[in-house]
Structures are given as C-alpha cells and as structure tokens.
There are 2 protein chains.
Amino acid sequence: MGYKYNKEEILDVGYDVFRRNGYHNVGINQILKESGIPKGSFYNFFDSKEDFAQQVIKRYGENNQCWMQKYFDDCELSPIECLKSFYAMMIHYNEEDNYAGGCLVNNMCVEVGRNNDMLAKESNQQFVGWLQILASVVKKGQDQGQITTQYNSLWLAEYLHAGFYGVLSRTKVTRNREYMDAWHTMTFNFITQ
Amino acid sequence: MGYKYNKEEILDVGYDVFRRNGYHNVGINQILKESGIPKGSFYNFFDSKEDFAQQVIKRYGENNQCWMQKYFDDCELSPIECLKSFYAMMIHYNEEDNYAGGCLVNNMCVEVGRNNDMLAKESNQQFVGWLQILASVVKKGQDQGQITTQYNSLWLAEYLHAGFYGVLSRTKVTRNREYMDAWHTMTFNFITQ
DNA sequence: AAAATTAAACAGAACGGTCTAATTATTTTA
DNA sequence: TAAAATAATTAGACCGTTCTGTTTAATTTT
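Residues numbered from 1 in each chain as written. Chains lettered and ligands numbered in written order. Predicted model: local features only at pLDDT ≥ 70, side-chain atom pairs only at ≥ 80, totals over all residues. Heavy atoms only, no water.

Taking an unreviewed UniProt entry as the reference, chain A is identified by name as Transcriptional regulator, TetR family belonging to Dokdonia pacifica.

Here it is in structure tokens:
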C-alpha cells in the first residue's frame with residue numbers, strides 16, 4: 001500500500017528550497033522541516049546532500065524538458081514566434097515570482113559548477129536536453145527563412161540560452177524586468193532574417 | 001609605524017577565495033588560514049562575514065572599474081574594435097584560469113543576489129560602474145557609425161554585459177570556450193552597423 | 001517472521017562570532 | 001626627551017549553534 005513518504009515529494013521541496021536559496025546556504029534540516037520528514041527517512045532515500053541535489057536537478061530538468069517539448073509541439077505560431085512567446089512567458093514568470101529564484105539549474109552551474117563535478121555534469125546534461133529542443137525550433141525557423149542561417153541552430157540556441165540566463169541573473173540585483181525586455185527585443189531583432 | 005596586518009591584504013585573499021568557491025561555501029576560518037591572520041584581527045577590521053564580503057566586492061569592483069577605464073582610454077583601435085578586443089581578452093583570461101571562478105560580482109549576484117540586500121546592492125553598484133564605461137564606448141562607436149543606433153548605448157552595454165556573463169556561466173559546466181567564441185562572433189556581428 | 005521504513009537521539013566537525021589578555025603603537029605628561 | 005598613560009591591534013581559546021551524516025530501536029509493510 002506504499003509507504004508514508006515518497007522521494008518525489010521530497011525532491012519537489014528540494015527544488016523549491018534550492019532554487020530560492022542556493023545549495024550551500026541550505027541545510028538538510030531545512031529540507032526535512034519543509035517536507036515534514038524525519039532525517040532517518042531522508043537518508044533512507046538519499047545517500048547524501050549531494051546525491052539529493054543531483055536527483056533534484058535531474059527531476060526538474062527532465063520535467064522541464066517535457067514541458068518545453070510540449071510547449072513547442074502545441075505552439076501554433078511560426079517557429080520564431082514560438083520562441084518569442086516562450087521567452088516572453090519566461091520573463092513574465094520571473095516577474096511574477098518577484099525575481100526570487102531564477103533557474104535552479106543555472107544557479108547550480110554558477111554556484112557549484114566549478115567545484116562539484118557531479119552536480120556540474122548533471123546540470124550540463126539537463127541544459128543540453130533543453131538546448132536540443134531550442135535548436136530544433138531554431139532549425140525549423142531557419143528552414144522557413146525566418147531566422148538567420150549565418151550560424152547553425154545549436155549556436156543560435158546556445159546564444160538564446162546564455163543571453164536569457166545572463167539577463168535573468170541581472171534581475172536578481174536590479175529587480176526589474178527592463179533589461180530582460182530589452183534583451184528580448186534586441187535578440188529577436190538580431191536573429192531574424 | 002604601522003601594524004602587522006592591513007585590510008587590503010585580507011580583502012585580496014577574500015576576493016580570490018570567494019571568487020573560486022562562492023560565498024556560503026567559504027568559512028571565515030578559510031580566509032584566516034589563507035591570509036595567515038588570527039580571528040581577533042579579522043574581527044578588529046570587519047564587523048562580520050557579510051561586511052567583509054561587501055568590502056571585497058567594493059574593492060574589486062572599483063579596481064576593475066579603473067582598469068577598464070584605463071584599458072579603453074589607452075586602446076588605440078576604433079570603439080567597436082576596442083570592445084571586441086576587450087571581450088576577446090576576457091575570454092582568454094577565463095580560459096587561462098581554466099574556467100575556475102568566473103567573475104566574483106556575477107557569482108555573488110547569482111548566489112546571494114535575492115537573499116542578501118546588502119551584497120545585492122553593492123554588486124549592482126559595481127556593475128553599474130562598469131556598465132557606464134561600456135556604454136560610453138558604445139556611444140562613441142554609435143557616433144562614428146560603427147554600432148547600430150537602433151538601441152541606446154546603455155541597452156547595448158547591458159546586452160553585451162549580460163550576454164558575456166551568460167556564456168561565462170555556461171563555461172563553468174561545459175569547461176570549454178566554444179560558445180564563448182561563438183557568442184563573441186555573433187554578438188559583434190549583430191550590433192555592428 | 002523478515003524486510004523495509006520511520007523516528008529521534010547522537011556524533012564530530014565546522015560555522016560565525018565573542019571574549020579576555022597580551023602586545024604594540026601612539027599620545028600625553030613631566 | 002623620557003616616562004607614563006592611553007589607544008589600537010593581535011592572539012587564540014571559547015561559545016552556542018548548525019552542519020552533514022550515523023546509529024539504534026520502534027514501527028510498518030510484505
């Protein structure tokens with residue numbers, strides 16, 4: 001009949017807590033408190049804080065990948081308009097969230113990407129998954145003559161991706177969306193054929 | 001005749017340690033050990049870890065601002081070529097450093113920018129200082145007809161700034177310069193008149 | 001009954017920060 | 001100018017708390 005707790009619940013709490021507070025600023029006790037499970041149960045499910053964080057990144061990354069895929073599959077606009085609306089939505093979400101956390105995976109990359117190979121590898125793997133989806137949409141836009149063909153679709157996907165996280169990070173201290181909107185306007189102007 | 005230690009030495013150690021390891025992953029003891037001073041002396045100079053970090057950010061930010069100003073003042077190329085060479089140099093430095101730390105201020109923004117108003121404010125202040133210099137070079141490039149005048153110089157400066165830190169962050173997990181070079185190529189193509 | 005899970009007490013190390021004493025530098029006084 | 005008084009700095013033991021992780025026993029599920 002299943003046990004009292006399950007990994008997924010704890011992973012979801014971990015996602016939220018890590019996203020808002022970072023990795024080293026969060027202790028296991030905080031996760032336990034917010035998910036309401038005792039320490040013994042946590043260490044029954046996870047080997048360590050690091051192992052837990054890896055699974056948090058993986059779960060969120062894969063869910064987000066599915067969500068992105070569905071978004072673009074369902075989007076009835078032209079490829080470039082799909083990309084525009086996708087990033088407009090991301091900017092909107094970030095504003096709604098009061099610029100409170102940004103992206104878990106990007107935060108992890110910056111905070112621990114150079115000192116923790118395991119978390120770096122997992123983060124990169126999830127990013128690559130997202131980038132492939134972006135690249136396929138870019139490719140469609142190129143095939144339809146909307147997006148510049150000066151650069152290949154993966155380069156353009158990485159360009160969108162990095163630019164977005166650059167301005168997203170910037171909002172953590174400016175705490176307004178001005179430069180995100182500017183980025184959106186400029187970027188889609190630049191890459192449009 | 002002066003005392004044994006001085007703040008500047010400790011701040012420089014703090015810069016290096018924070019840049020490579022982040023904020024919450026570093027304890028005061030590590031700073032003490034690496035700078036060779038006892039705890040009593042540290043707390044004689046600084047009120048708290050937070051106060052120390054703020055002064056580290058401020059000192060580095062201001063030094064870097066001077067350095068940037070001098071770089072662009074001394075650069076004998078056209079404005080756009082100065083910007084190109086500046087970012088090419090930054091990419092080169094990051095590779096030489098084996099992608100080991102990135103930029104202290106950007107790291108601080110991402111790690112603590114949403115939870116620590118004091119460090120967020122200081123980080124933003126330093127960024128604004130740098131951005132003003134970039135914007136002034138962009139403006140010169142616009143006046144000389146090399147850089148697009150579709151967007152004002154501050155928007156373009158923020159665009160360069162955010163894009164660069166976006167790809168810089170990306171290298172923390174890819175650990176190679178491919179997309180930094182791609183970013184450089186694409187960005188300067190896009191903003192060139 | 002056996003296996004898996006839950007519960008919470010328990011470790012040892014590390015955390016940021018305090019405290020008092022000793023030392024060094026500076027200013028005041030003789 | 002030398003001695004005395006004061007101020008600033010150095011030193012590190014120490015404080016309570018929190019950190020990740022372990023252990024042992026009770027409970028639940030199979």
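*Asks:* Any chance you could explain the overall build of chain A here in plain terms?
*Replies:* Broken down by element type, chain A carries nine helices and zero strands. Listing every helix and strand of chain A by position from the N terminus yields α-α-α-α-α-α-α-α-α. With the C-alpha coordinates of chain A rotated into their principal frame, the extents come out at 60 × 40 × 30 Å. Out of the 193 residues belonging to chain A, those deemed buried represent 57%. Long-range pairs, those at least 24 residues apart, make up 68% of the contacts in chain A with a sequence separation of at least 6. Just so you have it, chain A exposes about 8500 Å², and 48% of that area is on carbon and sulfur atoms. (Helix = DSSP H or I, 4+ residues; strand = E, 2+ residues; numbered from the N terminus. Buried < 20%, exposed > 50% of the residue type's maximum accessible area, 1.4 Å probe, protein only. Contact = heavy atoms within 4.5 Å. Areas by Shrake-Rupley, 256 points an atom, 1.4 Å probe, with all protein chains shown as cover.)

*Asks:* Help me understand the state of the cysteines in this model?
*Replies:* Linking two cysteines covalently via their sulfur atoms produces the bond known as a disulfide. Residues and elements named next belong to chain A. For the structure shown, the criterion picks out two disulfides over all chains. There is a disulfide in this structure between Cys75 and Cys82, and the S-S distance comes to 2.5 Å. In this structure, the disulfide formed by Cys75 and Cys82 twists by about -110 degrees around the S-S bond and is classed as left-handed. This pair shows no difference in class: Cys75 is buried, exactly as Cys82 is. Just so you know, Cys109 is unpaired, no disulfide at all, and the nearest cysteine sulfur is the one on Cys103, 7.9 Å from it. (Disulfide = S-S within 2.5 Å.)

*Asks:* Mind showing me how you'd approach empty space enclosed by the protein here?
*Replies:* Over the atoms, a rolled probe matching the size of one water molecule traces out where space is still vacant. Here the structure, examined in full by the defined rule, presents five cavities of 30 Å³ or more. Estimated volume of the largest cavity: approximately 70 Å³. Taken together, 13 residues form the lining of the largest cavity, with Gly22, Asn107 and Lys172 of chain A together with Val110 and Glu111 of chain B sitting closest to its centre. Elements with a contribution of two residues or more to the lining of the largest cavity: helix H1 (7-21) and helix H6 (104-112) of chain A together with helix H6 (104-112) of chain B. Looking at side-chain class alone, the lining of the largest cavity contains two nonpolar, five polar and six charged residues. By volume, the second largest cavity amounts to about 60 Å³. Lining of the second largest cavity is provided by 13 residues; of these, Val110 and Glu111 of chain A together with Asn21, Gly22 and Lys172 of chain B occupy positions nearest its centre. The set of elements that each furnish at least two residues to the lining of the second largest cavity consists of H6 of chain A together with helix H1 (7-21) and H6 of chain B. Element by element, the count of residues in the lining of the second largest cavity is highest for H1 of chain B, at four residues. Of the residues assigned to the lining of the second largest cavity, the class counts are three nonpolar, four polar and six charged. (1 Å grid on protein atoms, 1.4 Å probe; cavity = no way out; pocket = protein on both sides within 12 Å on 5 of 7 lines; lining within 4 Å. Points joined across faces, edges and corners; volume = space filled by probe spheres on them. Nonpolar A, V, L, I, M, F, W, Y, C, P; charged D, E, K, R; others polar.)

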